[in-house]
Amino acid sequence: MQFFFSLDRPQSCVLAACNTSKDVSKLRLRGSRHLTGGWPQLFSYDAEARTNAEVHLKQLLGTVVPVDGDNDLCVVAACKGVAVVNRRTGQPVEFLGPNPEANSFSLRWNDGKCDPQGRLWVGSMDMQFGEPWLTTPEGNPIPQGGLYCWEGSGESLKITKKLGDISISNGLVWDRAGTTFYYIDTPTMQVDAFDFDGKTGEISNRRCAIKCPDAASPDFHGYPDGCTIASDDTIFIACWSGSCVVRYEPRSGKLLAKYEVPFASQVTSCAFGGPDLTQLFVTTAAAGIAEEKLNDEERNAGHLFVIDLSKEGITGVPAFGYKLHPST
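Values in this document were obtained by computation on a predicted structure and should not be read as measured data.

**Q** If you had to explain the environment of Phe95 to someone new, which residues and values would you point to?
**A** For Phe95, the location among the structural elements is in strand 8 (residues 92-98). Measuring from C-alpha to C-alpha, the distance between Phe95 and Val82 comes to 6.4 Å, with 13 residues separating the pair along the chain. The contact partners of Phe95, leaving out residues within four places of it in the chain, are Lys80, Gly81, Val82 and Ala83.

Okay, here's the thing in structure tokens:
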């Protein structure tokens, strides 16, 4: 089982054992979190062999997904567009189309995943989010981003804009039945559900499935960022500024559990891995944190963690890969 993730600068992290099902282990990867000026990196971490490989793609990366049927290839969403890349060498193999938001000054790709049919869904965010010119007089964000869907390759390539007016496009998952799509636009503080048609890729009937407590609430646990889904259709959400991952039941909107991530407030995403998909890998960010905090209360920022969920009987579902040549 391999776990792909991208980083905008080198990171560092240590291998430790879990003592209980809610203990969080830290994995140390090559490189230094405090090194600056490096190229964005694509890491491939082998959870069984406990080895990590990295390549430098020399442009900002938003998301990465495996290619269906080829363990050497992955699809990356980068500044110039979406491409198939050899994850071992970094060599581009096939260009899947330019960035449809290339005319924007400050939009970039953020989170993305493949649906059960092998399409890539990837959203954008404004890197100037929070600036006065992107905020209404009432203090609300002015959304600039979108959610896009890539399907196929070559002459059969199809790129479709699914949603607009997005501020920070983040976590997205599909339920086991493949009929419901869940999606996070972080500033809304909620997870929205859509009816999903796997045959056409159409989404409809948008509604709120999970409402996260806002920053003024005593129950605030951070801003919803990346997410993943378990085999029982519960959703695990990484919480930016919350030092935790939370588990929700999306059909009721109920909070089921909270998993603390020590000394790292900026929790960015999570994904299941390990031979039996009982290990939850959690990424964190160090960007924007003062150096003195990185040496103290944020000393684990930028590290990759793993939460052992085997004793809780929780398992993930295999990630879907991108289908370069989907069947018709």
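On we go from here.
**Q** Describe the sheet that holds strand 14 (residues 180-185), and please don't skip the residues or the numbers.
**A** Sheet strands pair via backbone hydrogen bonds, and the direction of the pair is either parallel or antiparallel. The antiparallel open sheet is built from four strands, whose spatial order is 13-14-15-16. The sheet is open, and its two edges are formed by strand 13 (169-174) and strand 16 (202-211), each paired on a single side. Looking at each pair of strands side by side, their axes are set apart by 25° on average, direction ignored.

**Q** So what about the nonpolar core? Which residues, and what values?
**A** One finds Phe236, Val245, Phe272, Leu280, Val282 and Leu309 to be the most contacted residues of the largest nonpolar core, which totals 18 residues. No other element matches strand 21 (residues 267-273), which puts three residues into this core. Here Val282 is in contact with Val245, Val261, Val267, Ser269, Cys270, His303, Leu304, Phe305 and Ile307, once residues within four sequence places are set aside. If you look at the next biggest cluster of nonpolar residues, it comprises 17 residues, including Val173, Ala209, Ile235 and Tyr248.

**Q** Got a sec to walk through the side chain of Thr284? Specific residues and values, please.
**A** Secondary-structure assignment places Thr284 in strand 22 (residues 279-284). Looking at Thr284, its side chain comes within polar contact range of the main-chain nitrogen of Gly302, at 2.9 Å. Engagement of the side chain of Thr284 in a polar contact is seen with the backbone oxygen of His303, the distance being 2.8 Å. Sequence-distant contacts of Thr284, that is, excluding residues within four places in its chain, are made with Val261, Ala264, Gln266, Val267, Thr268, Asn300, Ala301, Gly302, His303 and Phe305.

**Q** Tell me what's going on with the sheet that holds strand 11 (residues 145-151), and back it up with residues and numbers.
**A** With antiparallel pairing, four strands are arranged side by side in an open sheet as 9-10-11-12. Of all strands in the sheet, those with a lone pairing partner are strand 9 (107-114) and strand 12 (158-166), marking the two edges. Averaged over all pairs of adjacent strands, the angle between strand axes in this sheet comes to 20°, irrespective of strand direction. Here six bridges tie strand 9 to strand 10 (residues 120-126), and the two strands are oriented antiparallel to one another. Bridge pairing in strand 10 places Arg108 opposite Met125.

**Q** I'd like a rundown of the environment of Lys258, residues and numbers included.
**A** Inspection of the secondary structure puts Lys258 in strand 20 (residues 254-260). It is 9.3 Å that separates the C-alpha atoms of Lys258 and Phe236, two residues lying 22 residues apart in sequence.

**Q** Go over the confidence of the model for the chain with me, naming the residues and quoting the values.
**A** Averaged over all residues, the pLDDT of the chain equals 87, while 88% of them reach at least 70. In this model residues 1-23 is a low-confidence stretch, pLDDT under 50, and it forms 105 contacts with partners more than four residues away in sequence or in other chains. In this model, residues 28-37 is a region of pLDDT below 50 whose contacts with residues beyond four sequence positions or in other chains number 40 contacts.

**Q** With reference to specific residues and values, describe the side chain of Asp192.
**A** Relative to the helices and strands, Asp192 is located in strand 15 (residues 190-197). Reaching out from Asp192, the side chain makes a polar contact with the side chain of Arg206 at a distance of 2.7 Å. Not counting chain neighbours up to four residues away, the residues in contact with Asp192 comprise Phe181, Tyr182, Tyr183, Arg206, Arg207, Cys208 and Ala209.

**Q** If you had to explain the pairing of strand 15 to someone new, which residues and values would you point to?
**A** For strand 15, the buried fraction is high: six of the eight residues fall into the buried class. Note that strand 14 and strand 15 share five bridges and pair antiparallel. The residue bridging Phe181 from the neighbouring strand is Phe194, located in strand 15. Linking strand 14 back to strand 15 in an antiparallel pair, the connection comprises four residues, with Met189 at a positive phi of about 60°. Bridging between strand 15 and strand 16 involves seven bridges; their strand directions are antiparallel. Of the residues in strand 16, the one forming a bridge with Asp192 is Cys208. Where strand 15 folds back on strand 16, the antiparallel hairpin that results is connected by four residues, among which Gly201 adopts a positive phi of roughly 80°.

**Q** Please give an account of the packing of aromatic side chains that cites residues and values.
**A** In the structure shown here, the tally under the stated rule is 13 aromatic pairs. With a centroid separation of 5.1 Å and an interplanar angle of 40°, the aromatic rings of Trp121 and Phe181 are classed as tilted. Placement of the pair is Trp121 in strand 10 and Phe181 in strand 14, with a sequence separation of 60 residues. For the pair Trp121 and Phe181, one class covers both residues: buried. Ring centres of Phe236 and Phe272 lie 5.5 Å apart, and the angle between their planes is 90°; this geometry places the pair in the edge-to-face category.

**Q** Account for unusual backbone geometry, naming residues and giving values.
**A** Positive phi values are uncommon outside glycine, yet Met189 reaches one of about 60°. Judged by relative accessible area, Met189 falls into the buried class, the value being 7%. For Asp233, which is not glycine, the phi dihedral falls at a positive 70°. Turning to its location among the elements, Asp233 is positioned in the loop between strand 17 (223-229) and strand 18 (235-240).

Reading the values: the criteria
- Residues numbered from 1 in each chain as written.
- Predicted model: local features only at pLDDT ≥ 70, side-chain atom pairs only at ≥ 80, totals over all residues.
- Heavy atoms only, no water.
- Helix = DSSP H or I, 4+ residues; strand = E, 2+ residues; numbered from the N terminus.
- Contact = heavy atoms within 4.5 Å.
- Pairing = 2+ DSSP bridges.
- Axes fitted to C-alpha atoms, helices over the stretch in contact; angles between N-to-C directions.
- Core = buried A, V, L, I, M, F, W, Y, C linked by side-chain atoms within 4.5 Å.
- Buried < 20%, exposed > 50% of the residue type's maximum accessible area, 1.4 Å probe, protein only.
- Polar contact = N/O pair within 3.5 Å; in protein donor to acceptor, adjacent residues only side chain to side chain.
- pLDDT = per-residue confidence, 0-100.
- Phe/Tyr/Trp six-rings, centres within 6.5 Å; stacked < 30°, edge-to-face > 60°.

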